[in-house]
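# Structural description and commentary
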Amino acid sequence: PRTVLNGRTTAERTLALARLELDDVKKVARHFGVKVNDVAMALVARQARQFFLDRGELPKRTLVALVPVGAHEDPDCQARNQVSGIFAKLQTQIADPVERLRSIAEASVIAKDHSTALGVTLLNGWGEVIGPMPLGVAKRVYGRLTQIRPMYNIVVSNVPGPPTPYFLGAKVSSLYMFGPVMIGVG
């Protein structure tokens, strides 16, 4: 659905951070028989739902998140970052948090199946075929269309931290990811 998050892109930004223990998230996932990512999505869905309830603007249809996912189809590929994305339903129309979590988990399986069927190389291949100039035009057209009918409302990324707790010899105590600012998306 179209929301305030899908308006014009401006310089104004609001950022909220929360810190959770991964072990607690894993406990919830085990208890309900879902994946850690499903719990993370349910947490985001809860906050998004509350944001829109507080504004009196909760859409009747679920909000949709674009979730970047690693997509290494070819183990011999030299590219370091092969990323695709799935469209995940946040089930924000569901009031009960347990029902919402289970529904998110079911929808995530379907979204991952669709993403796997398309594959990461499909979009990369199109970019190579049409070239940079038509691709730039397509991005601008897409930006305008998203203000009328967005494909998704927010970007949600749940990326694991570095394999070592050190960076340039210093111990990393916390790591907070901040995704890209995208046209027409909160």
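## Some remarks on the overall build of the chain
- In terms of helices and strands, the chain carries five helices and five strands.
- Scanning the chain from its N terminus toward the C terminus, one meets helices and strands in the order α-α-β-β-α-α-α-β-β-β.
- For the chain, buried positions account for 27% of its 186 residues.
- For the chain, the share of sequence-separated contacts (at least 6 apart) that also reach a separation of at least 24 residues comes to 70%.
- As displayed, the chain offers around 13400 Å² of accessible surface, 59% of which is attributable to carbon and sulfur atoms.

## Digging into the confidence of the model for the chain
- On average, residues of the chain score 79 in pLDDT, and 69% of them are at 70 or above.
- Of all helices and strands in the chain, the one with the weakest mean pLDDT is helix 4 (residues 120-130) (53), whereas helix 1 (residues 22-32) scores best (96).

## Section: the side chain of glutamine 91
- With respect to the helices, strands and loops of the structure, glutamine 91 is situated in the loop between strand 2 (83-89) and helix 3 (97-118).
- Beyond its immediate sequence surroundings of up to four residues, glutamine 91 is in contact with Thr62, Leu63, Arg100, Ser103, Ile104 and Ala107.

## Some details on the side chain of threonine 62
- With respect to the helices and strands, the residue threonine 62 is situated in the loop between helix 2 (36-55) and strand 1 (64-70).
- Judged by its relative accessible area of 11%, threonine 62 is buried.
- In terms of polar contacts, threonine 62 uses its side chain to reach the backbone amide nitrogen of leucine 90, at 3.3 Å.
- For threonine 62, the side chain forms a polar contact with the main-chain nitrogen of threonine 92, separated by 3.3 Å.
- Ignoring sequence-local partners within four residues, the contact set of threonine 62 consists of Pro1, Lys89, Leu90, Gln91, Thr92 and Gln93.

## Some details on the pattern of salt bridges
- Within this structure, the stated rule accounts for one salt bridge.
- Among the salt bridges present, the one from arginine 55 reaches glutamate 57, with a minimum N-O distance of 3.1 Å.
- For arginine 55, a relative accessible area of 41% corresponds to the partly exposed category.

## Digging into the environment of asparagine 37
- If you trace the backbone, asparagine 37 turns up in helix 2.
- Residue asparagine 37 is classed as partly exposed on the basis of its relative accessible area, which comes to 38%.
- Considering only alpha carbons, one finds asparagine 37 and serine 108, 71 residues apart in sequence, at a separation of 9.1 Å.

## What to know about the nonpolar core
- Core analysis: the largest hydrophobic core is formed by 21 residues, its most contacted members being Val34, Val39, Met41, Ala65, Val67, Leu90 and Val156.
- Of all the secondary-structure elements, those providing two or more residues to this core are helix 1, helix 2, strand 1, strand 2 and helix 3.
- When residues of this core are assigned to their parent elements, the largest contribution, six residues, is made by helix 2.
- Aside from chain neighbours lying at most four places away, what touches valine 34 is Ala29, Val39, Leu101 and Ala105.

How each quantity is defined
Residues numbered from 1 in each chain as written. Predicted model: local features only at pLDDT ≥ 70, side-chain atom pairs only at ≥ 80, totals over all residues. Heavy atoms only, no water. Helix = DSSP H or I, 4+ residues; strand = E, 2+ residues; numbered from the N terminus. Buried < 20%, exposed > 50% of the residue type's maximum accessible area, 1.4 Å probe, protein only. Contact = heavy atoms within 4.5 Å. Areas by Shrake-Rupley, 256 points an atom, 1.4 Å probe, with all protein chains shown as cover. pLDDT = per-residue confidence, 0-100. Polar contact = N/O pair within 3.5 Å; in protein donor to acceptor, adjacent residues only side chain to side chain. Salt bridge = Lys/Arg side-chain N within 4 Å of Asp/Glu carboxyl O. Core = buried A, V, L, I, M, F, W, Y, C linked by side-chain atoms within 4.5 Å.

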